[in-house]
Amino acid sequence: MRFRPGKPDRFLLVIVLFLAAFGLLVLYSMSAYNGQVRFGDSAYYFKKQFFAILLGLLAMYAVSGIDYHVLQKAAVPAYLLSLALSGAVLLVGDTYNGSRRWLSLGPLSFQPSEFAKPAVILLLAWMVSRMEKKKNIFMIITVMLLVLPIVALVGTNNLSTAVIILGIAVIMVFISTPRYLPFIWIILCGAGFLGIFLSLEQYRLERLAIWRHPELYEKGYQTMQGLYAIGSGGLFGRGLGNSIQKLGFVPEAQNDMIFSVICEELGLSGAFLLMILFLLLIWRFMVIATRAPDLFGSLIAAGIMSHIAVQVILNIAVVTNTIPNTGITLPFISYGGTSVLFLLAEMGLALSVSRWSG
């Protein structure tokens, strides 16, 4: 089939640009104190994030202009590359804050786990579209088995990202098949596997105890301070830049716990508006998925939707202590150059699908 390119989804583009700009604004507010104390530059984190966003916007523009059908040929190589990079992290990766998650290329460093997310989306979209007429238990098992190696490699040092990748895979396969019963078995097996995985490391079991009673443990300090920040914000917040908890009380306020400080400065109303923006973003992915001219394009949009939805839900759940604390960033908002770069590249992929749907 031949498709004629049209205009990209402008609504999606506006939401993405607004989220990126909003993220820079609140990041400067949240990180100015840490930047001044640690590096003598209140704009240290802001400048690094701004540079990453510029690169991400260039990547988004470049990817949005590509016919997404061409990327079918890159699905398998991209996935194999993500496996190689994730394996390299275990051997020669750099360790920061006790976690080995980065690879260095000269003066630059990046997290291969962030590249694994779009690689898995492309691979599953390609695989499921090829097996379109085989929507049975064999397809489900085959697709899930393909994802397990990258989940295992990433999960060795980054359990939260491994959970996100597994969530993307489950949602994409669930969307592509009319059968429900196999997913009950997948959930049960996944719960059993997670239980065994958690029991292998004492510190993971300790996280469960901290989650239940953070006030009783020294390592529950971050969770408690985040909850204090949320509670002290009230309905309308203290005002942008007026947070108290970011002044060293919430450790690394610009990273995983940034939503708690947003609640403190902008209040419940500001946090609610941010969640509305994410809901609008997810809605546009749904619209693009339903309008896509083929299953491959539809699954790409659905996979990106799954990525954003899972990551936003997990981040807010961690910050509010709904689930045990683990390192999950808030898309477009939390500090992280690799994360925002690949997120914007994914947005370009969604824009490409919307262009060729026209």
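Here the structure is a predicted model, which is why all the values come from computation and not from measurement.

A. Region of interest: the overall build of the protein. A tally of regular secondary structure across the protein gives twelve helices and three strands. Of the contacts formed within the protein by residues at least 6 apart in sequence, a portion of 73% connects residues at least 24 apart.

B. Structural view of the pattern of salt bridges. Tallied over the full model, the rule gives five salt bridges. With its nearest N and O atoms 2.6 Å apart, the salt bridge here joins Asp9 to Arg284. Separated by 275 residues along the polypeptide, Asp9 in the segment before helix 1 (10-39) and Arg284 in helix 10 (residues 258-291) bring together distant segments of the chain. Residue Asp9 shares its accessibility class with Arg284, and that shared class is buried.

C. Quick look at the side chain of Ser29. You can see Ser29 is positioned in helix 1. Within the structure, Ser29 has its side chain in polar contact with the side chain of Glu265 (distance 2.8 Å). Sequence-distant contacts of Ser29, defined by excluding residues within four places in its chain, comprise Leu240, Gly241, Lys246 and Glu265.

D. The arrangement of helix 10 in detail. Helix length check: helix 10, at 34 residues, gives a terminal C-alpha distance of 35 Å against a target of 50 Å (1.5 Å per residue), a shortfall beyond 12%. Where helix 10 bends most, at Leu266, the angle is about 120°.

E. Focus on the packing of helix 4 (residues 112-130) against helix 11 (residues 295-319). Following both chains from N to C, one finds helix 4 and helix 11 inclined at 145°, their axes separated by 9 Å at the closest point. Of the two elements, helix 4 crosses helix 11, and the hand of that crossing is right-handed. Counted together, Lys117, Ile121, Leu122, Ala125, Trp126, Val128 and Ser129 of helix 4 and Leu295, Phe296, Leu299, Ile300, Gly303, Ile304, His307 and Gln311 of helix 11 form the full contact between these two elements.

F. Examining helix 4 more closely. The end-to-end C-alpha separation of helix 4 is 27 Å, in line with the 27 Å expected for 19 residues at 1.5 Å each. Most of helix 4 sits out of view: 18 of its 19 residues are buried.

G. Molecular detail of the packing of helix 10 against helix 11. One can describe the packing of helix 10 onto helix 11 by two numbers: an axis separation of 9 Å at closest approach and a directional angle of 165°. Overall, the two elements helix 10 and helix 11 adopt an arrangement that is roughly antiparallel. Pair helix 10 / helix 11 crosses with left-handed handedness. The segment helix 10 lies against helix 11, with Phe259, Ser260, Met275, Phe278, Leu281, Ile282, Phe285, Met286, Ile288 and Ala289 engaging Ser298, Ala301, Ala302, Ile304, Met305, Ile308, Ala309, Val312, Asn315, Ile316 and Val319. Here the contact of helix 10 with helix 11 is built from residues that sort into 18 nonpolar, three polar and no charged.

H. Highlighting a nonpolar patch on the surface. Judged by side-chain polarity, Phe11, Phe272, Leu273, Ile276, Leu279, Leu280 and Trp283 come together as a nonpolar surface patch covering roughly 660 Å² of accessible area. With six residues, the single largest contributor to the nonpolar patch is helix 10. Checked against the element boundaries, Leu280 lands in helix 10.

I. Representation of the packing of aromatic side chains within the structure. Per the stated rule, a full pass over the model turns up nine aromatic pairs. Between the aromatic rings of Phe39 and Tyr44, the centroid separation amounts to 3.8 Å while the plane-to-plane angle is 15°, which identifies the pairing as stacked. The exposure class assigned to Phe39 is partly exposed, which follows from its relative accessible area of 39%. Ring geometry for Phe115 and Phe342: centres 5.7 Å apart, planes at 55°, overall tilted. Placement of the pair is Phe115 in helix 4 and Phe342 in helix 12 (residues 337-357), with a sequence separation of 227 residues. Ring pairs connect the aromatic residues Phe39, Tyr44, Tyr45 and Tyr335, which therefore count as one cluster. Over the ring of Trp283 we find Arg284, and its NZ or CZ is 4.6 Å from the ring centre.

J. A look at the nonpolar core. With 86 residues, the main nonpolar core has Phe278, Leu281, Ile308, Phe332 and Ile333 as its most contacted residues. With 14 residues, helix 10 is the largest single contributor of residues to this core. With near-sequence residues (within four places) excluded, Leu281 lies in contact with Leu12, Ile15, Val16, Leu19, Ile308 and Phe332. By size, the runner-up hydrophobic cluster in this structure holds seven residues, among which are Val89, Leu103, Phe110 and Ala119.

K. View of unusual backbone geometry. Within the chain, Asn321 stands out as a residue other than glycine whose phi angle is a positive 60°. Checked against the element boundaries, Asn321 lands in the loop between helix 11 and helix 12. A residue is classified by how much of its surface remains accessible, and Asn321, at 16% relative accessible area, is buried. In this structure, Phe332 is a non-glycine residue whose phi angle is positive, near 70°. Tracing the backbone through its elements, the reader meets Phe332 in the loop between helix 11 and helix 12. With relative accessibility at 2%, the residue Phe332 sits in the buried group.

Conventions we followed
Residues numbered from 1 in each chain as written. Predicted model: local features only at pLDDT ≥ 70, side-chain atom pairs only at ≥ 80, totals over all residues. Heavy atoms only, no water. Helix = DSSP H or I, 4+ residues; strand = E, 2+ residues; numbered from the N terminus. Contact = heavy atoms within 4.5 Å. Salt bridge = Lys/Arg side-chain N within 4 Å of Asp/Glu carboxyl O. Buried < 20%, exposed > 50% of the residue type's maximum accessible area, 1.4 Å probe, protein only. Polar contact = N/O pair within 3.5 Å; in protein donor to acceptor, adjacent residues only side chain to side chain. Expected span 1.5 Å × (residues − 1). Bend = angle between axes of the 7 residues up to and from the residue. Axes fitted to C-alpha atoms, helices over the stretch in contact; angles between N-to-C directions. Left-handed = near helix turned anticlockwise from the far one by under 90°. Parallel < 35°, antiparallel > 145°, perpendicular 65-115°, else oblique. Nonpolar A, V, L, I, M, F, W, Y, C, P; charged D, E, K, R; others polar. Patch = residues over 30% accessible without salt bridge, like charges linked within 9 Å, V, L, I, M, F, W, Y side chains within 5 Å. Areas by Shrake-Rupley, 256 points an atom, 1.4 Å probe, with all protein chains shown as cover. Phe/Tyr/Trp six-rings, centres within 6.5 Å; stacked < 30°, edge-to-face > 60°. Lys NZ or Arg CZ within 6 Å of the ring centre and 35° of its normal. Core = buried A, V, L, I, M, F, W, Y, C linked by side-chain atoms within 4.5 Å.

Read these as spatial facts, not as claims about activity.
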